[in-house]
Amino acid sequence: MKNKQQGYVYKNKEYRHRIQAHQKVLHHNDFLSVLLCALTIYKGFETVSILQSKIYVIANGKILAAYASERKDNIPVEARDHIRTFHEFFFTLSPDEKLIEANVTRALYLADGSAKKEYDNLKESNYYSNIISSNLSQIVNMDSITLNLDQQPYSFRYYGKQVITRATTIVTRSLVGEGLLRTVSRSDNNPHGFLIERWNIIDNKDINIKTR
């Protein structure tokens, strides 16, 4: 009887040890699962943070990836490209009403009401109608941009040339514009996140006329 009881106690202890060992394995697995889940969440937040910290710079038609921490270093590049893009859209014209409207619309997203006012003045003076009726084409070539980044809004001056191709002549005009550049939120229509303000053309005269 005594041996039987001792055997029962031994089996009972062995059973408890097995249960305890099994529980330790379960706790260990639970710990690993929690650790893996936490690591996955951390990596997910880290990836999102990296993606959100990136900005995309469009320079000369090329998209460049940069980090938000370097935004200050990218301001001169983005600002100049914003100014160049605006003038290119505003003054690149063909004898096609829809194309003119599309280019001007894209330009107006990059500037305030001063650009819209200039567009309305040109439209009222039949500038665009004459381009269509006379089959003129016009492009603009940038020479340089001066930019003052000492304080916001940033002041700038654009130097370029208009080349107007007529049926019998090619006219080259000087094009100098100035204004201010204010930082705004980025958007699909304004990827650089700047807005041109108080834009004004200060020089736009013929400098060369060549017969075709």
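Residues numbered from 1 in each chain as written. Predicted model: local features only at pLDDT ≥ 70, side-chain atom pairs only at ≥ 80, totals over all residues. Heavy atoms only, no water.

(A) Region of the structure containing the overall build of the chain. Summing up its helical and strand segments, the chain has five helices and seven strands in all. Ordered by position from the N terminus, the helices and strands of the chain form the series α-β-β-α-α-α-α-β-β-β-β-β. Across the 212 residues that make up the chain, the buried fraction comes to 30%. In the chain, the share of contacts with a sequence separation of at least 24, taken over all contacts with a separation of at least 6, comes to 57%. Carbon and sulfur atoms provide 54% of the accessible area of the chain, an area that totals close to 14300 Å². (Helix = DSSP H or I, 4+ residues; strand = E, 2+ residues; numbered from the N terminus. Buried < 20%, exposed > 50% of the residue type's maximum accessible area, 1.4 Å probe, protein only. Contact = heavy atoms within 4.5 Å. Areas by Shrake-Rupley, 256 points an atom, 1.4 Å probe, with all protein chains shown as cover.)

(B) Examining the side chain of R173 more closely. Looking at the secondary structure, you find R173 in strand 5 (residues 169-183). Setting aside its immediate chain neighbours within four residues, R173 contacts G160, K161, Q162, I164, R166, N204, K205, D206 and I207.

(C) Region of the structure containing the environment of N103. Relative to the helices and strands, N103 is located in helix 3 (residues 97-108). Sequence separation of N103 and F91 is 12 residues, and the distance between their C-alpha atoms is 8.4 Å. The residues touching N103, leaving out its near neighbours within four places in the chain, are F89 and T92. Of the polar contacts made by the side chain of N103, one reaches the backbone oxygen of T92; its length is 2.8 Å. (Polar contact = N/O pair within 3.5 Å; in protein donor to acceptor, adjacent residues only side chain to side chain.)

(D) Up close: the nonpolar core. Formed by 30 residues in total, the largest nonpolar core has its most connected members in I83, F86, F90, Y128, L181, I196 and W199. Among the elements of the structure, helix 2 (71-91), helix 3, helix 4 (113-124), helix 5 (127-133), strand 3 (137-148), strand 4 (154-165), strand 5 and strand 6 (194-203) are those that each provide at least two residues to this core. With seven residues, the single largest contributor to this core is helix 2. If we ignore the near neighbours within four places in the chain, the residues touching Y128 are F90, L93, I100, V104, Y119, L122 and K123. (Core = buried A, V, L, I, M, F, W, Y, C linked by side-chain atoms within 4.5 Å.)

(E) Spatial organisation of helix 3. Spanning 12 residues, helix 3 covers 16 Å between terminal C-alpha atoms, matching the ideal 16 Å at 1.5 Å per step. Residues of helix 3 that are buried: I100, N103, V104 and A107. Viewed end-on, helix 3 has its buried residues packed into an arc of 95°, placing them on one side of the element. For helix 3, the N-terminal capping position is held by D96, with its side-chain oxygen 3.0 Å away from the main-chain nitrogen of K98. (Expected span 1.5 Å × (residues − 1). Arc of directions from axis to C-beta.)

(F) Examining the packing of aromatic side chains more closely. For the coordinates displayed, the defined rule picks out seven aromatic pairs. Connected via pairs of aromatic rings, a cluster forms that spans F86, F90, F91 and W199. (Phe/Tyr/Trp six-rings, centres within 6.5 Å; stacked < 30°, edge-to-face > 60°.)

(G) Local environment of the pattern of salt bridges. A full pass over the atoms with the stated rule returns nine salt bridges. Residues E78 and R186 are paired through a salt bridge, measuring 2.9 Å at the closest nitrogen-oxygen approach. Linking E78 in helix 2 with R186 in the loop between strand 5 and strand 6, this pair joins segments that are 108 residues apart in sequence. For E78, a relative accessible area of 0% gives the class buried. Taking the shortest distance from any N to any O, the salt bridge between E88 and R84 comes out at 2.9 Å. With E88 and R84 both in helix 2 and four residues apart, this pair spans about one turn of that helix. Of the residues examined, E88 reaches a relative accessible area of 34% and is grouped as partly exposed. (Salt bridge = Lys/Arg side-chain N within 4 Å of Asp/Glu carboxyl O.)

(H) Focus on the pairing of strand 5. Burial within strand 5 is extensive, with 11 of its 15 residues counted as buried. The pairing of strand 4 with strand 5 spans 12 bridges and is antiparallel. Within strand 5, the position partnered with Y154 by the bridge is L181. Linking strand 4 to strand 5, which pair antiparallel, is a turn of three residues. Pairing of strand 5 with strand 7 (residues 206-211) involves five bridges; the strand directions are antiparallel. In the sheet register, R173 faces strand 7, and the bridge partner there is D206. (Pairing = 2+ DSSP bridges.)

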